[in-house]
Amino acid sequence: MSKEPLKLGIVGCGWAGKQAVDAGMAVPRTTVVAIADPVEELSKQTVEEYGVPRAYDDYRRLLDDPEVEAVYLAVNPPMRHQMVLDSFAAGMHVLVQKPHAVRAPDILEFEARGKEAGKTLQFCYFMRHYPHNRRIRAAIAAGKIGEAYHARIFGRYRSRPAPEGITRWLQVYGEKGGVLGQHYSHELDLAWFWMGCPKPEWAFGVKHSVHPLYDGPEGPAEDYYSGLVGLEGGKTIQIDCTRWLHCDTSPTVIELYGSEGDITQGKISRSNDDKEYVLEDADEPLDVPHSEQTEKMPVFYYEIEHFALAVAGEVEPDVNAADSYIFMKILDALYDSARDGQKIVID
């Protein structure tokens, strides 16, 4: 195993890109040697804040940089598709931001190109990588809450992105930029991950576009989404999420119910006498050898480190292409259901 840090190039200097740079500089196994963004102001800010050695105005120039070994693609799904293919053609390992694609079949194309190039492909959902979330998954797999049967998610995120320029995709329904795909697919993936990624069977959803800022053929993206996903074995996941509310309501909730307990507030909740419920931490051993936490923990720290470990062959990529493809089919079905007003069977 090489002792040298994995040399990363970050494409996109918006919020996600800057978080990736922050983590890439903090993780001992990685370093950021270049960034790329056509917006000069964003590139300049990132270079000044994090001391990145080189900045490019075109991602293809970053791919030509002989020092870059792997890329983190922190751009939107419609823009990213060709970048993934070009990155593998350039001999790069690739970490793909979420939402992973516009439609699920794109994932199969990415996987095939990665295998042809002999390079590592990993997809983002950073919440999977937090140690306490991995311990919770292990605790559920060990039967600590009995048989997990239903997850409930509610989330509120105040965001009203501009309908033009680089954020236009966030307003177009079906490009995975509404509140479900852009924001609360994190919690949806985490609930599915906790449950052991059971096979999806169907989905039903409804959407509300409260303040439409796009009037194109696909219609405006959702400001509020409510959906139900049916999984193998009769398991279900319920999700309600909004990016624009006029009231101060409850914070984000993600709970998982089992036959003998549940996951509440990120802890195992069980009754000891049918009257009193006790919260306890999951203490199962971790399956990934992460380094010690730093004083200021970047949001993507564990995800970036996992990617470096996967490139080195020490762990499997997570999210891998198989999980990404299945999860994208769940998202596709939820979006198609709300558009067509009918239950969608997931093949």
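Q: Help me understand the sheet that holds strand β3 (residues 54-56) in this model?
A: Paired through their backbone hydrogen bonds, the strands of a sheet run either parallel or antiparallel. Pairing is parallel across the open sheet formed by six strands, whose spatial order is β3-β2-β1-β4-β5-β6. In the strand order of this sheet, the two ends are held by β3 and β6 (121-123), each with one partner. Each neighbouring strand pair of the sheet contributes to a mean axis angle of 25 degrees, computed without reference to strand direction. Relative to strand β4 (residues 70-73), strand β1 (residues 6-11) is paired through four bridges, and the arrangement is parallel. What sits directly across from Leu-8, in β4, is Ala-70. Seen against the sheet, helix α4 (residues 77-89) touches β1, β4, β5 (93-96) and β6 and runs at an angle of roughly 175 degrees to β4.

Q: What am I meant to see in the pairing of strand β11 (residues 253-258) here?
A: Side-chain positions along a regular strand alternate between the two faces of the sheet. Counting buried residues along β11, five of its six residues qualify, which places the element largely inside the surrounding structure. With six bridges joining them, strand β7 (residues 148-156) and β11 adopt antiparallel strand pairing. Along β11, the bridge assignment pairs Ala-151 with Leu-256. Where β11 and strand β12 (residues 261-264) come together, three bridges link them in antiparallel fashion. Within the sheet, the bridge partner assigned to Tyr-257 lies in β12 and is Asp-262. Taking the residues that link successive antiparallel strands as the turn, the β11-β12 hairpin has two residues.

Q: Looking at this model, I keep getting lost on helix α7 (residues 179-194). Mind explaining?
A: Quick reminder: α-helices carry 3.6 residues per turn. Residues three or four places apart thus point the same way. For α7, spanning 16 residues, the distance from its first C-alpha to its last is 22 Å, which sits close to the expected 22 Å at 1.5 Å a residue. Along its length, α7 shows its largest kink, about 60 degrees, at Ser-185. The element α7 is largely enclosed, with a buried count of 15 among its 16 residues. Of the residues one or two after α7, Gly-196 is the one with positive phi, at around 95 degrees.

Q: Before we go on, may I ask you to explain the nonpolar core in this structure?
A: One broad trend across soluble globular proteins is that nonpolar side chains are buried collectively. Counting residues in each nonpolar core, the largest one holds 94 residues, and the members touching the most others are Leu-62, Tyr-72, Leu-180, Leu-188, Trp-194, Ile-237 and Leu-256. Those residues within four positions of Leu-256 in sequence are excluded, and the remaining contacts are Ile-140, Ile-145, Ala-148, His-150, Ala-151, Trp-194, Met-195, Asp-262 and Ile-263.

Q: Mind showing me how you'd approach the sheet that holds β12 here?
A: An order of β14-β13-β12-β11-β7-β10-β9-β8-β15 is seen for the nine strands of this open sheet, with the pairing classed as mixed. Whereas interior strands pair on both sides, the edge strands pair on one side only; in this sheet they are β14 (277-280) and β15 (344-345). One ladder, built from three bridges, connects β12 with strand β13 (residues 267-271); its direction is antiparallel. By the bridge assignment for β13, Ile-263 is matched with Ile-268. Helix α9 (residues 321-340) rests against β8 (200-208), β9 (224-231) and β15 of the sheet, and its axis sits at about 45 degrees to β8.

Q: Before we go on, may I ask you to explain helix α1 (residues 15-26) in this structure?
A: Relative to the 16 Å expected for 12 residues at 1.5 Å per residue, α1 spans 17 Å between its end C-alpha atoms, a close match to the ideal helical length. For α1, the tally of buried residues reaches nine of 12 residues, placing the bulk of the element in the interior. For α1, the complete set of buried residues consists of Ala-16, Gly-17, Lys-18, Gln-19, Ala-20, Val-21, Asp-22, Ala-23 and Gly-24. Structurally, α1 contributes buried residues whose contacts are with β1, β2 (30-36), α2 (40-50), β4 and α8 (301-311).

Thresholds, definitions, all that
In every chain, residue numbers begin from 1 and rise along the written sequence. The model is predicted, so local features are restricted to residues of pLDDT at least 70 and side-chain atom pairs to those at 80 or more, both for listing and for counting; the totals for chains, interfaces and linings are taken over all residues. Only hydrogens and water are removed before side-chain values are computed, so all heavy atoms of the structure are retained for them. Pairing between two strands requires that DSSP report at least two bridges joining them. Elements are defined by DSSP. Helices are runs of H or I of four residues or more, strands are runs of E of two residues or more, and each kind is numbered from the N terminus. Inter-axis angles, ranging from 0 to 180 degrees, are taken between N-to-C directions of lines fitted to C-alpha atoms, where helices are fitted over the stretch in contact. In what follows, residue pairs with any heavy atoms lying within 4.5 Å of each other are defined as contacts. Relative accessibility thresholds used throughout: buried, under 20% of the residue-type maximum; exposed, over 50%; partly exposed, between the two (1.4 Å probe, protein chains only). Expected span, for any helix, means 1.5 Å times one less than how many residues it has. Across the chain, bend at a residue is computed as the angle between axes fitted to the seven residues ending at that point and the seven starting from it. By nonpolar core we mean a set of buried residues, namely Ala, Val, Leu, Ile, Met, Phe, Trp, Tyr and Cys, connected to one another through side-chain atoms within 4.5 Å.

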